[in-house]
Amino acid sequence: MSQIEIAEIIEQIKQEIEVDTNGQAKASLRATARLAGVSAVAILKTLDSVNLEPSKLAQMLMESGFEAVNLTEWRAVGIPDIAIAIILEYYAYEAGRYCTKQARLVCRSFNTIGIRAWIQDKLGWTKPVTDNKTGMTEIQLLAALAKHLAEQEQHLLQQQQQQTEISHRLKAVEVEQDRVNTPCGHKYSVVGFANLQGLEISVKEAGTKGRKASALCRKQGIEIERIHDPRFGKVGLYPESVLIEVFSTGQN
């Protein structure tokens, strides 16, 4: 088997090998078996044997610091690079008649730099740059982002203020248009009109003026609008011109 064939195997199992941000690599059980040139079942038996009678390979793994629980978890989470190195060494030199030329070739390939560096190289992984220059650049980017967000917030506040001012202006225009378009002026209750004029008025006076205002409205063919008042129940709303006439007469 040549390095070209090894490269082809790596390409085939590339999706089952990964390197995290710290550079630590791991591979699936199937990918590890392909690297060693053995079946996945053979490695699976080794992992399963740890809870019964550990095989020689299982013993080698535990002697290297791995615990039995680690071995049973690897079938699901993948095998770490250090354990892969031990497995490859086993099938290269310690497995007796089960040794494979492929395991020896792979071992020879990574022995000079280590399995982790070898996997990193095969996957094209590079260490993230974390020097001071890059750190300052990140700080500058964060500062620029914060400034941009602050400017956006200020712009939004200005827009909201402008919209509020426009809304108030429109309301004032609508009120004035309503006054102009209503021949007899705005409508008020008797008490409301008295308060608007700064006058004190009793309940009896309010009732008397209300009846007079109602009579004037009926006489002029003006519809009397009625609203709910928590003190008097339903009260009438009378045109400003009618109320001016009622209050100007001085009649109670």
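Attention in this report is confined to the structure presented alongside it. (Residues numbered from 1 in each chain as written. Predicted model: local features only at pLDDT ≥ 70, side-chain atom pairs only at ≥ 80, totals over all residues. Heavy atoms only, no water.)

## What to know about the environment of Ala40
With respect to the helices and strands, Ala40 occurs in helix α3 (residues 40-48). For Ala40, a relative accessible area of 29% translates into the label partly exposed. The spatial distance from the C-alpha of Ala40 to the C-alpha of Arg30 is 5.2 Å, given a sequence separation of ten residues. Leaving out residues up to four positions away in the same chain, Ala40 has contacts with Leu29, Arg30 and Ala33. (Helix = DSSP H or I, 4+ residues; strand = E, 2+ residues; numbered from the N terminus. Buried < 20%, exposed > 50% of the residue type's maximum accessible area, 1.4 Å probe, protein only. Contact = heavy atoms within 4.5 Å.)

## A look at the pairing of strand β6 (residues 233-239)
In terms of burial, β6 is largely enclosed, as five of its seven residues are buried. Judged from the two bridges that link them, strand β4 (residues 187-188) and β6 form a sheet pairing that is antiparallel. Counted as the bridge partner of Lys187 is Pro239 from β6. Alignment of strand β5 (residues 225-229) against β6, held across five bridges, turns out to be antiparallel. The residue bridging Glu225 from the neighbouring strand is Leu237, located in β6. (Pairing = 2+ DSSP bridges.)

Worth remembering: the numbers are spatial, not functional.
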